[in-house]
Amino acid sequence: MMKRLLIFMTVAMLLGIAQPTMAQEVQKATISVEQQDISISVNGSTIHVKNAAQMVIEVYNLAGIRVASYKIDSADKTFDFSSFQKGCYILKIGNTVRKVSLK
C-alpha cells in the first residue's frame, strides 16, 4: 500500500499535479545557496577562500588521506600551503569539494 502511494506521488509530482512540500523546497534552496556562496581560488601555493566563516577546510591527498584541517575564522581567508609538496590535493569545505593543483 505504501509503495503504491509513493509511486502515485512521484508520478503526480512529475506531471505537475502535486507540489513538493514547503520544507522540501526550503531544504533544496538552502543546499544550493551554500554551494554557490563558497568560493575557492588558487594562485601557486596560496588558497583563497570566501564566504566560509566558522567552517573547516580539510585538505586531502589524492589517496584520500586527510593531510591537514584548518578552522576558517573569517569570511575572506587566505592560506599559504608553500610547506606542502607540489601536486594535486582535494579541498573540502562543508559540501563544497574542489580538486586543486599546488605549484
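Given the structure is predicted, the values throughout are model-derived calculations rather than measurements.

A. Inspection of unusual backbone geometry at higher detail. Of note in this structure, Asn51 is not a glycine but carries a positive phi near 60°. Relative to the assigned elements, Asn51 resides in the loop between strand S2 (46-50) and strand S3 (56-60). What makes Asn51 partly exposed here is its relative accessible area of 46%. The phi torsion at Gln54 lies on the positive side, around 65°, for a residue other than glycine. Structurally, Gln54 is set in the loop between S2 and S3. Given the relative accessible area of 52%, Gln54 is considered exposed.

B. Region of interest: the sheet that holds strand S5 (residues 76-80). The three strands are arranged S1-S2-S5 in an open sheet whose pairing can be described as antiparallel. With partners counted over all chains shown, the strands left at the sheet margins are strand S1 (39-43) and S5, one partner each. Recorded for the sheet is a direction-independent mean angle of 20° between the axes of neighbouring strands.

C. Region of interest: the pattern of salt bridges. Taken as a whole and assessed by the stated rule, the structure comprises two salt bridges. Between Arg66 and Glu58 there is a salt bridge, with its nearest N and O atoms 3.1 Å apart. Relative accessible area serves as the criterion here: at 16%, Glu58 is assigned to the buried category.

D. Summary view of the environment of Gly44. With respect to the helices, strands and loops of the structure, Gly44 is situated in the loop between S1 and S2. For Gly44, a relative accessible area of 28% translates into the label partly exposed. Sequence separation between Gly44 and Leu102 is 58 residues; the distance between their C-alpha atoms is 5.7 Å. Excluding anything up to four places from it in sequence, Gly44 contacts Ser101, Leu102 and Lys103.

E. Representation of the packing of aromatic side chains in the model. One pass over the structure, following the stated rule, counts five aromatic pairs. Taking the centre distance of 6.1 Å and the plane angle of 25° together, the rings of Phe79 and Phe81 count as stacked. For the residue pair Phe79 and Phe81, the accessibility class agrees, reading buried in each case. For the pair Phe81 and Phe84, a centre-to-centre distance of 4.7 Å together with 40° between the ring planes defines the contact as tilted. Accessibility classification places Phe81 together with Phe84 in one group, the buried group. Joined through ring pairs, the aromatic side chains of Tyr70, Phe79, Phe81, Phe84 and Tyr89 make up one cluster. The side chain of Lys77 reaches across the aromatic face of Phe79, ending 5.8 Å from its centre.

The rules behind each value
Residues numbered from 1 in each chain as written. Predicted model: local features only at pLDDT ≥ 70, side-chain atom pairs only at ≥ 80, totals over all residues. Heavy atoms only, no water. Helix = DSSP H or I, 4+ residues; strand = E, 2+ residues; numbered from the N terminus. Buried < 20%, exposed > 50% of the residue type's maximum accessible area, 1.4 Å probe, protein only. Pairing = 2+ DSSP bridges. Axes fitted to C-alpha atoms, helices over the stretch in contact; angles between N-to-C directions. Salt bridge = Lys/Arg side-chain N within 4 Å of Asp/Glu carboxyl O. Contact = heavy atoms within 4.5 Å. Phe/Tyr/Trp six-rings, centres within 6.5 Å; stacked < 30°, edge-to-face > 60°. Lys NZ or Arg CZ within 6 Å of the ring centre and 35° of its normal.

Just distances and angles here, no functional claims.
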